[in-house]
Amino acid sequence: ARRFNHDVKMVKLPNLSNRINNNPTHNLQTASDDDLVGDFAIDDGKELIVILMDKEVQERASSGSKAQSNISKLDLSELFNDEGEGGSCGVFFDTLISVLESLPVTDTPPTDESRGAKQKVDTHSLVWDLLLAMPTNVGVNDKVQRASRGAAPDGDSMMVDSDWASLVDFSHFERSVYVMQVLDSFLRPPPHLFSSLSPQIADHLTSQLVDAAQDFRSSFIKSGGFEAVLRLFVQSGNADKKTRHRNRMGNACALRILSDCFLESGATIAVSIEGKEMVESFSGMGDFLKSLVYIIVDDEGVADTAILRVLRLVEMLLKSGAAFTSSFTEMPGDVAEKFLTSLLLWEGSGSPSTTSIQSAMKIRKYTEEMILATPMLSTSALPCLVKALKSIDPFSDGSSEFFSVLMKLVGSVNREENASQLKDLGSAVCNKLATYPSPNGDNEHIDYSTRVLCGCLRLLISLIEADDGKFLSEGSSHISTALGITPWSQEFSSNGHWDADGTAINADDKALVDLMGTIFDGFISSAKSPGSPPICCDRDSRNLAFNVVAAAAQACSGGTGYVVLVAKVTSIISNVAPTIRHSWGQNASLDAGNNQRSTNTVKYSGLKNQGCTCYMNSFLQQLFMMPVLRDKLCSAEVPTILRSTGGGGAVEKGEDLVGKKISLHWDCGSNYDAMVDSYNEKTGMHTISYCLASLSVPRGGNQKPPDLSNLPKELPEEFVLSEGRPGKETGAFEILPNNTASATP
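Here the residue numbering is sequential within each chain, running from 1 through the sequence in written order. In keeping with the model being predicted, local features are shown solely for residues with a pLDDT of at least 70 and side-chain atom pairs are shown and tallied solely at 80 or more, while totals for entire chains, interfaces and linings include all residues. Hydrogen atoms and water are omitted, and side-chain values are computed over all heavy atoms in the structure.

In terms of residue burial, strand E6 (residues 661–666) counts as a mostly covered element, since five of its six residues are buried. Only strands joined by at least two bridges in the DSSP assignment are considered to pair. Helix and strand definitions here come from DSSP, where helices need a minimum of 4 consecutive H or I residues and strands a minimum of 2 consecutive E residues; each element is numbered from the N-terminal end. Of the pairings in the sheet, the one linking E6 to strand E7 (residues 671–680) comprises five bridges and is antiparallel in character. Across the sheet, residue His665 finds its bridge partner in E7, namely Asn671. Hairpin remark: E6 followed by E7, antiparallel, with four residues in the connecting loop; positive phi at Gly669, about 100°. As paired strands, E6 and strand E10 (residues 729–736) are joined by five bridges and run antiparallel to one another. Across the sheet, residue Leu664 finds its bridge partner in E10, namely Phe733. Throughout this description, buried means an accessible area under 20% of the type-specific maximum (1.4 Å probe, protein chains only), exposed means over 50%, and partly exposed covers the range between.

Nonpolar side chains collect at one region of the surface, where Phe4, Leu13, Leu48, Val50 and Leu52 lie side by side and expose about 440 Å² of accessible area between them. The biggest single contributor to the nonpolar patch is strand E3 (residues 46–52), with three residues. Summarising the element assignment, Phe4 is placed in the segment before strand E1 (11–18). Using a relative accessible area of 58% as the deciding quantity, one classes Phe4 as exposed. By definition, no residue in a patch forms a salt bridge, and every one has over 30% relative accessible area; like charges are joined within 9 Å, nonpolar side chains (Val, Leu, Ile, Met, Phe, Trp, Tyr) within 5 Å. Every accessible area reported is derived by Shrake-Rupley at a probe size of 1.4 Å, with residue values counting cover from the shown protein chains alone. Salt bridges, as used here, are contacts in which a Lys or Arg side-chain nitrogen is within 4 Å of a carboxyl oxygen on Asp or Glu.

Nonpolar cores are built from buried Ala, Val, Leu, Ile, Met, Phe, Trp, Tyr and Cys residues. Side-chain atoms within 4.5 Å join them into one set. Counting residues in each nonpolar core, the largest one holds 136 residues, and the members touching the most others are Phe220, Phe262, Phe288, Phe328, Phe339, Leu460 and Ile519. Per-element accounting of this core gives the leading share, 11 residues, to helix H21 (residues 451–467). With residues near it in sequence (within four places) discarded, Phe328 still touches Leu289, Val293, Leu318, Ala336, Phe339, Leu340 and Leu377. The contact criterion used throughout is that any non-hydrogen atoms of two residues lie within 4.5 Å.

A few words on the packing of aromatic side chains. For any two aromatic rings, the description comes down to two numbers: the centre-to-centre distance and the angle of the planes. Paired rings are identified among Phe, Tyr and Trp, the last through its six-membered ring, by centres lying within 6.5 Å, and are further divided according to the angle between planes into stacked (under 30 degrees), edge-to-face (over 60) and tilted (the rest). In the structure shown here, the tally under the stated rule is 13 aromatic pairs. Ring geometry for Phe216 against Phe220: centres 6.1 Å apart, planes inclined by 10°, an arrangement best described as stacked. Of this pair, Phe216 and Phe220 both sit in helix H8 (residues 199–222), four residues apart, which is roughly one turn of that helix. Taken as a pair, Phe216 and Phe220 share a single burial class, namely buried. Through a chain of ring-to-ring contacts, the aromatic side chains of Trp164, Phe186, Phe216 and Phe220 assemble into a single cluster.

Our next topic: the pattern of salt bridges. Evaluation of the coordinates by the stated rule reveals 16 salt bridges. One salt bridge in this structure joins Arg364 and Glu401, with 2.9 Å as the shortest N-O distance. Of the two residues, Arg364 sits in helix H17 (residues 354–373) while Glu401 sits in helix H19 (residues 400–412), which places them 37 residues apart along the sequence. Taken individually, Arg364 and Glu401 each receive the classification buried, so the pair is uniform in this respect. The network of salt bridges with common partners includes Asp184, Arg188, Arg256 and Asp260.

What follows is about the packing of helix H15 (residues 322–329) against helix H18 (residues 375–389). The angle between two axes is taken between their N-to-C directions and runs from 0 to 180 degrees, where each axis is a line fitted to C-alpha atoms and a helix contributes only its stretch in contact. The interhelical angle for the contact between H15 and H18, taken along N-to-C directions, is 15°, at an axis separation of 10 Å. It follows that H15 is roughly parallel to H18 by the angle criterion. Crossing geometry of H15 relative to H18 is assigned as right-handed. Residues Ala322, Thr325, Ser326, Phe328 and Thr329 of H15 touch H18, and the partners they reach there are Met376, Leu377 and Ser380. The residue makeup of the contact of H15 with H18, split by class, is four nonpolar, four polar and no charged. Every angle not falling under 35 degrees, over 145, or within 65 to 115 is termed oblique; those three ranges are roughly parallel, roughly antiparallel and roughly perpendicular. By convention, the crossing between two helices is left-handed when the near helix turns anticlockwise from the far helix through less than a right angle, and right-handed when the turn is clockwise. Residue classes follow a fixed rule: Ala, Val, Leu, Ile, Met, Phe, Trp, Tyr, Cys and Pro count as nonpolar, while Asp, Glu, Lys and Arg count as charged, and any other residue, Gly among them, counts as polar.

Below, the discussion takes up the side chain of Ser541. Here Ser541 lies in helix H25 (residues 539–555). When residues no more than four places from it in sequence are discounted, the contact partners of Ser541 are Thr450, Leu453, Cys454, Leu457 and Cys536.

What follows is the structure in C-alpha cells.
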C-alpha cells in the first residue's frame, strides 16, 4: 500500500499461489485480519496476488471471534514457543527436522489417488511449510547469535570454525537450511516491518534495524560464517542431480546470503571488500562457479529471483580473472552452452503471469549484457549460439535477446579469424528458415508468433552487410531447395537479365540473387500455396523480408541485384490486370527486352460484376468449363461492338491508328467517339481527343440545336487503348468509318 500510495484499508489479498509447482497453497479470502505473513510460509517461488480496491475492504473475523463461534483452532505459535521445563518446542522442532532428513530423495513426489484424481503429495514441502509458519526456534536463534560473536555460552573463547561447522553442516542439510533461514532474517530485515506505526517512529525503528543488520553482517563475515555457507553451497553443487533438486530451497537461501556478502548493498555487480578477499583466499572458487552453473542447467524449477542472483555472482567471477572464464567455457558436457542458451531463451518457470514474464525478460537481458561485457566469453559464445539456433522453438516469444547477441557478435568479431564460424552461422540461419512452419487459417492470428522469424531475417541482414553475403554462399541454396522454389539465377539467366554490362554473374552474386528470390517467392509471396497466407504474414516480418531483398540487391556487384529485381518487378506488372497496373501508377506493360508494349499475359480473367451479377457470373464460369459449350462459345462470332477492329478485319494498332476515328467502350456501358492524334513507341500509348457529343432536341419543338463549334476542344489524353483506364475506358474500341456520326452517350 505504501509503495503505490494507496490506503491500506482498500487493499485486498485474494490468493497466495505456488507459481513453480502450479498448485494454490492458500486462499487468503478466508484468512483473518490478525493472521501474520509468517503463518503462510511465504518464500521464493510463492506469488502473492494483491488488488488495490476503490473502496474500503470489509474486515474479516479475527481469530478471537472464531474461537467464540466454537471453531477449534490449535495455537501452534504457543506450542513452538514453550521453552520452559517440560516444554515441547525443542521436541517438535527436532522431530520435524528428523522427518525431513529421513525422507527419501526421489525424482518426483508421490501421488495420492484416494480422492479419485491423482494429486501430488510432497511431504518435504509440507513439513517445511509447517516449519516456516512457526516463529523462529529460540535455541537456533541463540546459537547463531553466539557463533557470529565468536563466544561460547559460558563466555569462554572457542574455535569459531568448529561452531559454524556444527551449525552449517552438509551432512545435516535440512537443519543447516533452517539455520540459513535465520541468518537471512538477520542480514535482510523486512523494510516494512513497522509500516503500521506512525512515520516518525517507523523511520526511527527501521534505521535502527538496518544498522543492526550491518553490524551482524560484519561480525558474521569475520567469525567465519560467510565461508561456512560458501562451503556448504559448494558441497550441495557437487551432489548428484536428484539431491540438487531436493536442495533447491537451501540453495536459494544460500544464494541470498552469499549475494549479500559478495556484493555491495544496493549494487548489482559491485564486489564488496569482503567479497574480493574471499575470491582471493577461498580455494574452491572454481567449484563455486561450477555449483552456480549447475543450479541452472540441472534444475528447471529454480525461481527467477534465484536465477538473477546466480547471474550476478557468475558475472562477478568472470570479471575477477581470465582463469574463471576459461574454467567456465571448458566445463564438460556443453554445460556452458546450456547455461547461456537456456537463460537467453528463458521464458519463466511455472505458469505464466505478469510478474513471471517481466522477470524472465530481465533474466534474458542480463544474460545478454553479461555475454557482451565479457570479451573472452563473447568469442566462445558464438559457436555455442550457432549450435543452439537449430533447436529454438519457432513460436517462442522470448528469443529477442538471443538474436540480439548474435547480431552484435557478427558486427564485432574479427571476420577473418572467425570466417568459418560466421559461415556456420549463415548455414544455420538458412536451415532454420528452410524448416520454418507456414501459417494457416487456424493459427495465423491466434498463436502464430513471428519473433523467431524476425530474428532470423535480422540476422540475414547482418550477415549480408558483414561481408557482402559471402557467409551465406553455402546456406542460401538450401532454402530454395527445401521450399521447392526456382532460383532466380536460373529464371533470369534464361531471359538474359544479368549484369548491367552483360557479363556473367559470379558465385557470390549468384548466392545473393538466389536468396532474393527465395525470400520474395517463399516468404513474402504465397504463390506456392495459393489461398494460404505467406510465411511473413504480419507487418514486422514482411518489412524485414523486403529489407533482406534490398540488402542482398545492394550487396551484388555491378548492379546485378538491381537488374534482376527490376526484371522481376516488370514481370509482375506485365502479368496483372490493367486496373491493378493503373493503381500502381504503371500505365504501360513493357517488355524488358525491347521496351515495347506487349500483350496481356494474365492466365485467368473473370467476369465484370455489372451490379448484383456475381452469382450469375460464377454460374457462367462453371458452364464455361464444359468442353462442348466452351467450344461453341469460342467459335461464335463476336459482335462488332466488342471488337477493336475496323470492319471485322485484322486489328490495327500502333501508328496505323493515327488519324482514325474510333469508338471507345466505357465502364458505364456507353460508347464515346474520339480521334487518334499520335502514338508514342516508347510507352505504347496513343494520344486521343474526344469528339463533342451531339445533343438531342425534343420532338415537335421549335428549338434549334445549340452551336457547339465555339466551345473549347477537350484536352488530349494519353493512355494504352487496349487497356483503358480504371473507371473510364474498358480497353475495347472499334474503328469507325470517317463519315460515321458521333455517338450519343
